[in-house]
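Fold and geometry: a report
As a plain string of letters, each chain reads:
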Amino acid sequence: MANHITQISRDDLEDLREAFNKIDIDNSGFVSDFELQELFREASFSLPGYKVREIIETFIAGDTNKDEKISFEEFVSIYQELKSKKFSETFRKTITRRDGIRSFGGTSGSSSIGTQHSYSDEEKVAFVNWINKALAKDPDCKHLLPMNPDNDSLFTSLRDGILLCKMINLSQPDTIDERVINTKKLATFKMTENLVLALNSASAIGCTVVSIDAHDLMAGKPHLVLGLLWQVIKVGLFADIEISRNEGLIGLLEEGESLDHLLSLSPEELLLRWVNHHLRNAGTKTISNFSDDIKDSRAYFYLLDQIAPQGNEDYVTNIKIDMSGMNERDLEERAELMLRQAARLDCRQFVSPHDVTSGNSKLNMAFVANLYNAYPAMQASQTNGIDSTMMEGLHPESREEKTFRNWMNSLGVSPNVNHLYWDLCDGLVILQLYEKVNVPVNWRKVNKPPYPVLGANMKKLENCNYAVELGRNVAHFSLVGIGGENLNEGSSLHTLALVWQLMRRYTVQVLSDLGEGEKIGDQIILSWVNSTLSNHRKNTQIGSFKDKLISTSMPVIDLIDAIAPGAVKWEMVKRGDKATLSDADKLKNAKYAISVARKIGARVYALPDDLVEVNPKMVLTMFACLMGHGLKKVHR
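What you are looking at is a predicted structure, and each value in this text was computed from that prediction instead of being measured.

Side note on the overall build of the protein
Secondary structure summary: the protein contains 28 helices and four strands in total. Expressed as a percentage of its 636 residues, the buried residues of the protein come to 54%. In the protein, of all internal contacts separated by at least 6 residues, the share reaching a separation of at least 24 is 61%. Per element, the accessible surface of the protein, about 28900 Å² overall, is 48% carbon and sulfur.

Right, here's the structure in full:
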């Protein structure tokens, strides 16, 4: 087989080494088999989980060490096998089909020669169709839409940043104040401003953008464009797939299962449960994935039949799904007939018949999420006998919790954080965050999944104890009364106390990087804010980060004007003091201030309500980010 192995260039090898090192966070020289999917993704060779598991079974089963660990040399060997023609033929059922994949060279930031990245035509077509429909009536996008799914217009359409800003607001309304988007006379620097605004706003809603900059998007690099768009679209699709948004989802509780466990499920897991709930009601077999199990379209026919409005006063029109298509023997034609029924619900989105029959897991999951958002068909009364007092304990995610969660996800922690407390109870995400703030972690002391069946919680507790130890002794955080058991049990009070100190350190880290000292006290930031305002003849001095004048956002807007002259369009600002400005005007100012801050390059995680209500923690991060941006300009 060696004669058929695809040769890897030195540049490609360097890219693979860089990807490997990102996953090998403890520098042990090995990654675990469960990290292989993330490693492929870093190497721009994304594969669905079930395919990675099949590859693991094929390659790792023959590992003489039986240590379930993969060295860099073994990874390169696997990668070469994947790229080789003979492997593609032998394992054609496990590897993404090649006729829908396009390769292109020269897109690596470190090398423009010999580097190959791939992207899926199916994803491109799905995203184009989704965007064409979603933004069809937006006047600011009429110069871009409709895009042609058969060419590369998607990749050039992001160049001016308008479409990306609009997509972010579609997924999370009001993230960007659209008054801040440049829509006319778009010179290159105006387009760059839009892209910076979009990237910083995408980060604020939990998208990982650490490896993308405005130049990448302006160049229309396909794999980066598709990767970012998928994150943005996914945020919107999954926003309502949580129990606090739809208490009817409690009906998905299984026999003997605790409510806490149901609450800890990811949106993907809840979506699968939702499908199976309706399949059981239909009296047919359930599915375990959105790939192999949906290829024959049968599950989709039954799902559509269950959720379609029939005799329901909540919907104006009743729709009876035509199930006769299940008798069609040709699977692709059957998928087409199924999608025609989905079209009657105005839900023919994301998948083509071929995407169904080939089991494209990402696009099928998007198709199902869109179905859920349109027709959840879960009644709030379906509580499976849950005690009413437990129901009262269900609280939607707080603004502070959401901000912290989005901040963590934007940094690329793995696994993704869906629930702030349950997803942190094994300590792994917290330990990753320590590394993000330059606190060294000895990964040899850390227990990693899969945990043993017996003693799993003890392993997680050990990680949490280590996280508290690092916080106290190395990061010098104030953790009085906080122990590993508090993190392990998901205590909101104690977890938030630690996470806030991590976020604060991350926010002011740029100040330390600029030589302003390792520990930046609140007073230093406050003094810089006031002196900068004073030096630029602004009279909006603040006494503390609790100063009620901040509710007007004028100190923030004046500071932006001081460090980035010309960025503020004063006709957009409602002037007045804390007593004369209405609440509505204060909110408008806050939305404007945050979007302009992101537009000039400050990665701000605070929300408009944080300024209006003068939340001192988030106000501190806002001013610290602006201070970092201002000092960067001085140090250039």
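As for the packing of helix α9 (residues 188-204) against helix α26 (residues 583-599)
Direction vectors running N to C along α9 and α26 enclose 115°, while the axes themselves pass 7 Å from each other. Here α9 is positioned roughly perpendicular relative to α26, judged by the angle of their axes. Along this stretch, α9 crosses α26, giving a crossing that reads as right-handed. Contacts from E193, V196, L197, N200, S201 and A204 in α9 reach S595, R598 and K599 in α26. Here the residues of the contact of α9 with α26 sort into three nonpolar, three polar and three charged.

Some words on the side chain of S491
In this fold, S491 is placed in the loop between α22 (484-488) and α23 (492-513). Overall, the relative accessible area of 19% leaves S491 in the buried class.

With respect to helix α6 (residues 121-134)
With 14 residues, α6 extends 20 Å from end C-alpha to end C-alpha; this agrees with the ideal 20 Å at 1.5 Å per step. Burial within α6 is extensive, with ten of its 14 residues counted as buried.

What about unusual backbone geometry?
Leaving glycine aside, a negative phi is the common case for residues, and trans is the common case for peptide bonds. Between L145 and the following residue, P146, the backbone shows a cis peptide bond with an omega angle of -5°. When you line up the elements, P146 lands in the loop between α6 and α7 (153-157). Along the chain, P449 connects to P450 via a cis peptide bond; the corresponding omega equals 0°. The residue P450 is located in the loop between α20 (428-436) and α21 (456-473) in this model. Phi is positive for R537, which is not a glycine, with a value near 60°. With respect to the helices, strands and loops of the structure, R537 is situated in the loop between α24 (522-535) and α25 (554-563).

The rules behind each value
Residues numbered from 1 in each chain as written. Predicted model: local features only at pLDDT ≥ 70, side-chain atom pairs only at ≥ 80, totals over all residues. Heavy atoms only, no water. Helix = DSSP H or I, 4+ residues; strand = E, 2+ residues; numbered from the N terminus. Buried < 20%, exposed > 50% of the residue type's maximum accessible area, 1.4 Å probe, protein only. Contact = heavy atoms within 4.5 Å. Areas by Shrake-Rupley, 256 points an atom, 1.4 Å probe, with all protein chains shown as cover. Axes fitted to C-alpha atoms, helices over the stretch in contact; angles between N-to-C directions. Parallel < 35°, antiparallel > 145°, perpendicular 65-115°, else oblique. Left-handed = near helix turned anticlockwise from the far one by under 90°. Nonpolar A, V, L, I, M, F, W, Y, C, P; charged D, E, K, R; others polar. Expected span 1.5 Å × (residues − 1).

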